[in-house]
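# Residue-level structure breakdown
The residues making up each chain are set out below.
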Amino acid sequence: MATEATARGGYLDILRAPHAARLLAGTLVGRLPNGTGPIAMTLFVRDQGGSYTLAGGLIAAYGVSNAVGQPLLGRAVDLRGQPRVQLPAAVLSALGMALFALTGIGHLALAYAAVVVAGLFTPPLEGGLRALWPSVLGREDRVHRAYALDAVAQEVMFTVGPLLVTLLVALRSPAAALVVINVLGVLGALAVVLSEPSRTWRSAAREAHWLGALRSPGLLALLGSFFFVGLALGSITVAAVAYADDRGTPSVYGWLMAALGLGALAGGVLYGARQWSGAPERRLRVLVGLLAVCYLPLMLTPGPVAMTALTVLSGFFLAPVLACAFIVVDRHAPSGTVTEAFSWLVTTFTVGAALGSAAAGPAIELAGTVAGFAVAGAGGLVALLVLLATGRVLAAPAVAGGVVRHADGETVPTAVHAEKNAH
C-alpha cells in the first residue's frame, strides 16, 4: 500500500503532465455556475422579494432541464467534438442566467424560461474531462488516479463555490453574483476548449443506435445503483437542516455540510494513495457497501460535536465511490459514447439527489429528523442491492472499438483509450 506522501507525489505527477492542470482548473471553474446555481438562485429570489417556494420551483426547473441536457450534449460532443459543443453551450447557458438576473421574477414565465435555458445548455465539462484524461496522461494507472483527483477536486469546488457566491453578494448583490459566476463559467469552458487535447480529441467510431450509451447493460446497472447513491446524499442535505432546527442552532447545518465535504475530501485523497488491483466492479460493491453502512449511524442524531464526526464518516467513502464508478463507466461505455456515458452518470446522480431531497421532507414531517437520515441509509442499502443483483451483468466483458475489456482485472485499453486511439 502506498503512503500518503506517495499519493501526493502521484497527484503532482498528474498535475505536472502537459495540459493537465489547465484542464482540471478550467473544468472546475467552468462548472461553478452549476455547482453554485441553487444557492445563488435562492439568494437572488429572496432579494427580489420572492418566496422559498418560488425559489424551489425555479431551482427544480433548472435541475430538470440540466438533467435532460447533459446526456444530449454529451452525445453531441461524442459526435462533433468538444469545442463545437462545449463553448456554445456555455455561452447559451450564461445568457439564460444573465437574462434571469436582469429581468428578475416580475414575469414568472420569462424567469422559468431563462433558468430552463441555463440548465438545458450547461456544458458537459465533467464528462468531457474524463474523456480527455487518457490522451493527456497515457498510462491507465495515471488515468485511474486522475479520476480520484477529479473526485477530490469536486469537493473543493463545492466548498469554495458557495463561499464565492456569498462574497459576491456581500460586495455587490445577488444579481451580480449570478452574472459573475456565469461569466467565470464561460471563461473556464474557454480555457478547456482552446487547449490542444480538447481541440484534437475525437471520439472512437460508434455504432449508430438511438439508445447510444444506454445500450450497455453494465452501464444501466451502474446508473441504477447511482440513482440511489444520489438519493441518499440528497436526503442528508434536507435532514441536516431539520437537525439544525431541532438543536435551535442554524449554523450547525453549515458545519455538517462542511464535515460531509471534508470526509469526502479525505477519503478521495486516501483512495488515490494506492494503486488498486482486481476488477473495479467488485471494488465498487465493497465501497458502496461501506458508504451505506456509514450512513446508518446518522440516525443516532447525537449532539452537534458527535454528529459532525458522524457526518465526516458518512462522507468518507463518497469520493472513492465516485472515482471507482468513473472507471466502471469507462469499461462499459460502448465505443464512441464515452462523454455521453459520463454525462448519464451525472444526470442519474443529480436526479436521485433531487428526489432524495423531496423524499426526506415528508419523512421528517411524518416521523421526525431520524426518518430523514433513515432515507439516506435506505438509499445506500438499495444502491448496494442493485450492484449485487446485477453482478453478472457488470462482470460481462465490454467491447469498445473492437477491444474486449474483461472484468477480471486484466484489462486492455479501455473505452476512453479507444477514444484516444481514434485520432
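I will try to describe carefully the structure that is included in this document. (Residues numbered from 1 in each chain as written. Predicted model: local features only at pLDDT ≥ 70, side-chain atom pairs only at ≥ 80, totals over all residues. Heavy atoms only, no water.)

## Things to note about helix α14 (residues 304-315)
For α14, spanning 12 residues, the distance from its first C-alpha to its last is 16 Å, which sits close to the expected 16 Å at 1.5 Å a residue. All buried positions along α14 are accounted for by M307, L310, T311, S314 and G315. Relative to the axis of α14, the buried residues are bounded by an arc of 135° and lie together on one face. Tucked into the core, α14 has its buried residues touching α11 (217-247), α12 (251-271), α13 (280-295), α15 (318-332) and α17 (369-389). (Helix = DSSP H or I, 4+ residues; strand = E, 2+ residues; numbered from the N terminus. Expected span 1.5 Å × (residues − 1). Buried < 20%, exposed > 50% of the residue type's maximum accessible area, 1.4 Å probe, protein only. Arc of directions from axis to C-beta. Contact = heavy atoms within 4.5 Å.)

## Some details on the packing of aromatic side chains
Going through the model one piece at a time under the given rule, you end up with 6 aromatic pairs. Plain terms: the ring middles of F226 and F349 are 6.3 Å apart, the flat faces sit at 45° to each other, and that makes the pair tilted. Here the residue F226 occupies a position in helix α11, and F349 occupies one in helix α16 (residues 338-367), the gap between them amounting to 123 residues. (Phe/Tyr/Trp six-rings, centres within 6.5 Å; stacked < 30°, edge-to-face > 60°.)

## Here we look at a nonpolar patch on the surface
There is a patch of nonpolar side chains on the surface, built from V179, V183, L187, L190 and L194 and spanning about 380 Å² of accessible area. Here L194 shows up in the loop between α9 (174-193) and α10 (196-200). The class for L194 is partly exposed, based on a relative accessible area of 47%. (Patch = residues over 30% accessible without salt bridge, like charges linked within 9 Å, V, L, I, M, F, W, Y side chains within 5 Å. Areas by Shrake-Rupley, 256 points an atom, 1.4 Å probe, with all protein chains shown as cover. Salt bridge = Lys/Arg side-chain N within 4 Å of Asp/Glu carboxyl O.)

## Section: the packing of α13 against α15
The geometry of α13 relative to α15 is characterised by a closest axis approach of 9 Å and an angle of 150° between their N-to-C directions. Judged by the inter-axis angle, α13 sits roughly antiparallel to α15. Judged by the sense of rotation from one axis to the other, the crossing of α13 with α15 is left-handed. Of the residues in α15, those in contact with P280, E281, R283, L284, L287, V288 and L291 of α13 are L318, P320, V321, C324, A325, I327, V328, R331 and H332. Tallied by class, the residues present in the contact of α13 with α15 amount to 12 nonpolar, 1 polar and 3 charged. (Axes fitted to C-alpha atoms, helices over the stretch in contact; angles between N-to-C directions. Parallel < 35°, antiparallel > 145°, perpendicular 65-115°, else oblique. Left-handed = near helix turned anticlockwise from the far one by under 90°. Nonpolar A, V, L, I, M, F, W, Y, C, P; charged D, E, K, R; others polar.)

## Let's talk about the pattern of salt bridges
A full pass over the atoms with the stated rule returns 3 salt bridges. With a closest N to O distance of 3.3 Å, E126 and R31 form a salt bridge. With E126 in helix α7 (residues 125-137) and R31 in the loop between α2 (20-30) and α3 (32-47), the pair connects residues that are 95 residues apart, well separated along the chain. For R331, the salt bridge goes to E281, with nearest N and O atoms at 2.9 Å. Highlighted residues: R331 in helix α15 and E281 in helix α13, separated in sequence by 50 residues.

No statement about biological role is implied by the geometric values presented.
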